[in-house]
Amino acid sequence: TTSAPQQSFKLLFSLVPRRDLFVLVFPAILTSMLAGGIAPFMTYVIGQNFDAFADFPLSGATSADKHKLLHSVGIAALELVGLAVASLTLSSVMSSLWISAGERNAKAIRRKVYDAVTTKDMVWFDTKMGSDDSVKTAEGDGPIGAGGLMAKFARCVFVCFETSVSLAHIFI
C-alpha cells in the first residue's frame, strides 16, 4: 500500500504545466492580492471624506469652506467610482484566472487517472483493483474493481442526496 502524499501548495499544482503556472496561476495570485488591496484603500478614501466633513465649520462657513467641502466630496466620490470599477474588473479577471487554472488542473488529474486505468489488464476490472492476494471488498459492496467503484460512488451520491434533503426539510 502507498501512503498519502504530504499536502502542499506545490502538490496542488504539480500536474499543471509550467506554462500554465506563468500564464494562469501566478497572474491569479497577483490579481488576488491587488483585488484584496482595494477594500482597505476604499476605507482610506471614506476616511478622507469624513475628515473633509469634520473640517467644515458648523457655523459661519465661508464660500471658500463650502467650495473646499464640495471639492473634497467630489474627489472622494470619483475615487470611489474608480475603485468600484477596478474592484469589479479585478474580481472578474481574478475569477476567470482561478477558474481556468482549476479547470486545467482538473483536466490534468482526469488525464492521469484515465491513463492509469486504461493501462490496466482486463482482469483488474473483473476482480479487484490491484490487490495482491485476495479480492478486496468495500463494506459489503463487492470487489473494488470497476463495479465496486461504481457501487461506492452510488452510495456516496445517495448519502449526499439524503443529507441535502434532510437539511432542506430543516430550513423549510
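Residues numbered from 1 in each chain as written. Predicted model: local features only at pLDDT ≥ 70, side-chain atom pairs only at ≥ 80, totals over all residues. Heavy atoms only, no water.

To continue, consider the side chain of Thr 31. When you line up the elements, Thr 31 lands in helix 2 (residues 18–55). A polar atom in the side chain of Thr 31 sits 3.1 Å from the backbone oxygen of Ala 28. Thr 31 has contacts with Leu 90, Val 93, Met 94 and Leu 97, leaving out every residue within four places of it along the chain. (Helix = DSSP H or I, 4+ residues; strand = E, 2+ residues; numbered from the N terminus. Polar contact = N/O pair within 3.5 Å; in protein donor to acceptor, adjacent residues only side chain to side chain. Contact = heavy atoms within 4.5 Å.)

Between helix 2 and helix 3 (residues 63–118), the shortest axis-to-axis distance is 8 Å and the interhelical angle comes to 160°. By the angle class used here, helix 2 and helix 3 are roughly antiparallel. Regarding helix 2 and helix 3, the two cross each other, and that crossing is left-handed. Considering only residue class, the contact of helix 2 with helix 3 consists of 28 nonpolar, 7 polar and 4 charged. (Axes fitted to C-alpha atoms, helices over the stretch in contact; angles between N-to-C directions. Parallel < 35°, antiparallel > 145°, perpendicular 65-115°, else oblique. Left-handed = near helix turned anticlockwise from the far one by under 90°. Nonpolar A, V, L, I, M, F, W, Y, C, P; charged D, E, K, R; others polar.)

Attention shifts here to the pattern of salt bridges. According to the stated counting rule, one finds 3 salt bridges in the structure shown. Among the ionic pairs, Arg 19 bridges to Asp 20, the shortest N-O distance being 3.8 Å. Judged by its relative accessible area of 58%, Arg 19 is exposed. A salt bridge links Asp 20 to Arg 104; its shortest N-O distance comes to 2.9 Å. Of this pair, Asp 20 sits in helix 2 while Arg 104 is found in helix 3, placing the two residues 84 residues apart along the sequence. (Salt bridge = Lys/Arg side-chain N within 4 Å of Asp/Glu carboxyl O. Buried < 20%, exposed > 50% of the residue type's maximum accessible area, 1.4 Å probe, protein only.)

Turning our attention to the confidence of the model for the chain. Taken over all residues, the pLDDT of the chain has a mean of 78, while the share at 70 or more is 70%. Taking the mean pLDDT of every element in the chain, the minimum, 55, falls on helix 5 (residues 146–171) and the maximum, 91, on helix 2. Every residue in residues 130–135 is under pLDDT 50, and counting partners more than four places away or in other chains gives 7 contacts. Confidence drops under pLDDT 50 across residues 167–172; counting only partners more than four residues distant or on other chains, this segment forms 0 contacts. (pLDDT = per-residue confidence, 0-100.)

With that settled, consider helix 3. Over its 56 residues, helix 3 runs 81 Å from end to end, which matches the ideal 82 Å to within 8%, given 1.5 Å per residue. Of the residues making up helix 3, those classed as buried are Leu 69, Ala 76, Leu 83, Leu 90, Leu 97, Ala 101, Asn 105 and Ala 108. In the core, the buried residues of helix 3 are packed alongside helix 1 (9–12) and helix 2. (Expected span 1.5 Å × (residues − 1).)

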